[in-house]
Amino acid sequence: MSEHEEHKSYSQGFYIAIGVTLLVLTITTAAVAFVNLGPFNPVVALLIATIKATLVVLFFMHVKGASEKLTGAVVVSGFFFLAILISLSLADYLTRSWR
Amino acid sequence: MTATEHQAHNPALLHHFADAEQQKNAASLGMWLFLVTEIMFFGGMFCAYLVYRLAHFNAFAAGSQQLNIWMGAINTAVLIVSSVTVVLAVKAAGAGKRKVLVGYLVVTVLLGLTFLVIKGFEYREKFEKHHVPGPTFSFTDKFDDNGKQIPVNPKETELFFSLYFAMTGMHALHMIIGCGLFSGLAILAWKGHYTPGYFTPIENAGLYWHLVDIIWIYLFPLLYLISRHS
């Protein structure tokens, strides 16, 4: 991969390679859904989705190699607050066994 | 190069920024803050989905099994290809290739419209099968759990379809806005508004498009791929 004029830009071939990887992962996730993995089906599906999202964030949205560290901090804080929203909500709803 | 010289060379640089790089970083940071609010906005719906799916798993699986997995997968592929064309458009803008830039922007809009047309056909199928929540909603299918036909409460499946329409509908609205945005950018790019020294709107619209792509990357497995093995 060549990094040239802009430190935030990759070569055209690299972007296409990431795109092909994303397409392969899409086919994988659809195919794996038809295999019975018991409780691990949603785990695998979400794992593949997270790998895809990470590839997009790092290489298409150029968070990897961003000149401003602040951008990275904002991105991480976004997902951190999402994690708080989901984990605290589930900590409530999943422990209402008295109902 | 001194600051005054720099300003003289770059008409897009606003006077309250020290240099073009600082201006670009400020715009990028602002865009990311907006995207974080979008993550929290969709996050609320993802959270509601999770709570109801855990409470009514069989009904959600039965609803999911009625979705068209092929249309969903093809739409995922369409969005991924559009993300590649967006990133190549940003690259072309940085290299000052005006016609290549316009080409990629137009292809992106066409791919976005393709997504919406496929989505429209999916919605039509939902209307025909009476799977749209409301007074006409009816659901007679069972949850096929590895050959075992488990009856489900239609009211609970209606919840699944409510979330399906809320989430895919809100995503589709973002796609419509994105198509409008990129059409406008294509016109401005054709008129030569963007130079290698200033193409921040292309970059930031690209960030928006990628985020909408990421939301679909999660919607596809969560809505279409529940308990497909049977």
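Cut-offs and rules
Residues numbered from 1 in each chain as written. Chains lettered and ligands numbered in written order. Predicted model: local features only at pLDDT ≥ 70, side-chain atom pairs only at ≥ 80, totals over all residues. Helix = DSSP H or I, 4+ residues; strand = E, 2+ residues; numbered from the N terminus. Rg over C-alpha atoms; globule rule 2.2 N^0.38 Å. Buried ≥ 20, exposed ≤ 12 C-beta atoms within 10 Å, placed from the backbone. Contact = placed C-beta atoms within 7 Å. Axes fitted to C-alpha atoms, helices over the stretch in contact; angles between N-to-C directions. Parallel < 35°, antiparallel > 145°, perpendicular 65-115°, else oblique. Left-handed = near helix turned anticlockwise from the far one by under 90°. Nonpolar A, V, L, I, M, F, W, Y, C, P; charged D, E, K, R; others polar. Core = buried A, V, L, I, M, F, W, Y, C linked by C-beta atoms within 7 Å. pLDDT = per-residue confidence, 0-100.

### Let's talk about the overall build of chain B
Counting secondary structure elements, chain B contains seven helices and two strands. Starting at the N terminus and ending at the C terminus, chain B contains elements arranged as α-α-α-α-α-β-β-α-α. For chain B, the C-alpha radius of gyration of 22 Å lies well beyond 17 Å, the compact-globule estimate for 230 residues. By its C-alpha atoms, chain B is 75 × 30 × 30 Å across when sized along the principal axes. For chain B, with 230 residues in total, the buried portion stands at 40%.

### Some remarks on the overall build of chain A
Summing up its helical and strand segments, chain A has three helices and zero strands in all. Going residue by residue from the N terminus, the α and β elements of chain A occur as α-α-α. Per-residue burial over chain A gives 19% buried out of 99 residues. Intrachain contacts of chain A at a sequence separation of at least 6 include 41% that bridge at least 24 residues.

### A word on the packing of helix α1 (residues 12-32) of chain A against helix α4 (residues 69-95) of chain B
Between α1 of chain A and α4 of chain B, the least distance of the axes is 10 Å, while the angle of their chain directions is 170°. For the element pair α1 of chain A / α4 of chain B, the angle class is roughly antiparallel. Handedness of the α1 of chain A/α4 of chain B crossing: right-handed. Within the contact between the two elements, α1 of chain A uses Gln12, Tyr15, Ile16, Gly19, Leu22, Leu23, Thr26 and Ala30 of chain A and α4 of chain B uses Ile69, Ala73, Thr76, Ala77, Ile80, Val81, Val84, Val87, Leu88 and Lys91 of chain B. Per-class residue counts for the contact of α1 of chain A with α4 of chain B are 13 nonpolar, four polar and one charged.

### Considerations on the packing of α1 of chain A against helix α2 (residues 40-60) of chain A
All names here are of chain A. α2 packs onto α1 with a crossing angle of 170° between their chain directions and a minimal axis gap of 10 Å. Classified by the angle between their axes, α1 and α2 sit roughly antiparallel to one another. Two secondary-structure elements touch here, α1 through Ile18, Thr21, Leu22, Leu25, Thr28, Thr29 and Val32 and α2 through Val44, Ala45, Ile48, Ile51, Lys52, Leu55, Phe59 and Phe60. Across the contact of α1 with α2, the residue classes break down as 11 nonpolar, three polar and one charged.

### A few points about unusual backbone geometry
All names here are of chain B. Positive phi, normally seen in glycine, also occurs at His130, with a value near 60°. Tracing the backbone through its elements, the reader meets His130 in the loop between α5 (98-128) and β1 (143-145). The exposure class assigned to His130 is exposed, which follows from the 12 C-beta atoms found within 10 Å. At Ser227, a position not held by glycine, the phi torsion is positive, near 50°. As for its placement among the helices and strands, Ser227 is situated in the segment after α7 (200-224).

### Section: the environment of Tyr194 of chain B
Residue and element names in this part refer to chain B. Its place among the elements puts Tyr194 in the loop between α6 (154-190) and α7. Taking the C-beta count within 10 Å as the criterion, Tyr194 has 24 such neighbours and is therefore assigned buried. When the C-alpha atoms of Tyr194 and Ile80 are compared, they prove to be 25 Å apart, with 114 residues separating the residues in sequence. Look past the residues within four positions of Tyr194 in its chain and what remains in contact with it is Ala93, Leu101, Ala189, Phe199 and Ile202.

### With respect to the nonpolar core
Counting residues in each nonpolar core, the largest one holds 74 residues, and the members touching the most others are Ala89, Ala93, Leu101, Leu105 and Ile202 of chain B. Elements represented by at least two residues in this core include exactly α1 and α2 of chain A together with α2 (20-55), α3 (57-65), α4, α5, α6 and α7 of chain B. Here this core takes 16 residues from α7 of chain B, the largest share from any one element. When neighbours within four sequence positions are excluded, Ala89 of chain B is seen to be in contact with Leu101, Tyr104, Leu105, Thr108, Ile202 and Gly206 of chain B.

### Looking at the confidence of the model for chain A
Residue and element names in this part refer to chain A. Averaged over all residues, the pLDDT of chain A equals 86, while 87% of them reach at least 70. When the elements of chain A are averaged for pLDDT, helix α3 (residues 69-93) gives the smallest value, 91, and α1 the largest, 95. This stretch, residues 1-6, has a pLDDT under 50; its non-local contacts, to residues over four places away or in other chains, come to seven contacts.

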